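Results of the structural survey
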Amino acid sequence: LWVPLNQVPVFVRAGTILPLGEVSLRVGTAPPASLILEVYAGAEGELDFYEDDGESATYRTDAGSRRLFTQRFSTHRHLLTCEPVRGSYHGMPKERNFRIRWIGLVPGSQVEAIGVKLSHLSWVEQVLEVTLEEVPQSASWQLVVIPSQ
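In what follows, the accompanying structure is described. Computed from a predicted model, the values in this text were never measured in an experiment.

**Observations concerning the packing of aromatic side chains**
Evaluation of the coordinates by the stated rule reveals 3 aromatic pairs. Considering the side-chain rings of phenylalanine 69 and phenylalanine 98, the 6.2 Å spacing of their centres and the 75 degrees angle between planes classify their relative orientation as edge-to-face. Here phenylalanine 69 is found in strand β4 (residues 64–73), whereas its partner phenylalanine 98 is found in strand β7 (residues 95–103), with 29 residues between them in sequence. For the residue pair phenylalanine 69 and phenylalanine 98, the accessibility class agrees, reading buried in each case. On the basis of an interplanar angle of 65 degrees and a centroid distance of 6.4 Å, the ring pair of phenylalanine 69 and tryptophan 141 is categorised as edge-to-face. Of this pair, phenylalanine 69 sits in strand β4 while tryptophan 141 sits in strand β11 (residues 141–146), placing them 72 residues apart in sequence. Each member of the pair, phenylalanine 69 as well as tryptophan 141, carries the same accessibility label: buried. Members of the aromatic cluster, connected to one another through ring pairs, are Phe69, Phe98 and Trp141.

So, in structure tokens, the structure goes:
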């Protein structure tokens, strides 16, 4: 494996849905308005994302919210599904923005959003970058990517 000295190689299994957040100076700040997801194509996978207020010890009683993300694929299409939030916590935002980087897709493929409106869509080589804004926590949505012929 060759990489330039100014880069760090990252090894991620196909099918991974990796949650990321904005840089924060400390733990205990307000819940982020945006959730960043890096989705790695090539296999099926899921993420049961847990979130709480970041300050209290309510996580010990399993208080907080969960949201299931699943990735499925076939030769005809790739699917990223988001289920509605289960549970809640003090200070939970009513809406959430999503920034999704879906890595390993065929550039220029057709992209369809079901249950949500695309605010931004762009391709950077084999990476689909999508922004979803002001998505209600109770929403269920799906992104469908159909490879170009």
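Read on, since the account is not over.
**What about unusual backbone geometry?**
The phi dihedral of glutamate 125 is positive, around 55 degrees, even though this residue is not glycine. Residue glutamate 125 is classed as exposed on the basis of its relative accessible area of 70%. Of note, the phi angle at glutamate 134 is positive, near 55 degrees, even though the residue is not glycine. Relative to the helices and strands, glutamate 134 resides in strand β10 (residues 127–136).

**What about the environment of glutamate 95?**
Following the sequence through the fold, glutamate 95 ends up in strand β7. Remark: the alpha-carbon pair of glutamate 95 and alanine 63, spanning 32 residues in sequence, is separated by 19 Å.

**Quick notes on the side chain of arginine 67**
Mapping arginine 67 onto the fold places it in strand β4. Setting aside residues up to four positions removed in sequence, arginine 67 forms contacts with Leu47, Asp48, Phe49, Cys82, Glu83, Val85, Arg86, Phe98, Gln137 and Ala139.

Cut-off values and rules
- Residues numbered from 1 in each chain as written.
- Predicted model: local features only at pLDDT ≥ 70, side-chain atom pairs only at ≥ 80, totals over all residues.
- Heavy atoms only, no water.
- Phe/Tyr/Trp six-rings, centres within 6.5 Å; stacked < 30°, edge-to-face > 60°.
- Helix = DSSP H or I, 4+ residues; strand = E, 2+ residues; numbered from the N terminus.
- Buried < 20%, exposed > 50% of the residue type's maximum accessible area, 1.4 Å probe, protein only.
- Contact = heavy atoms within 4.5 Å.

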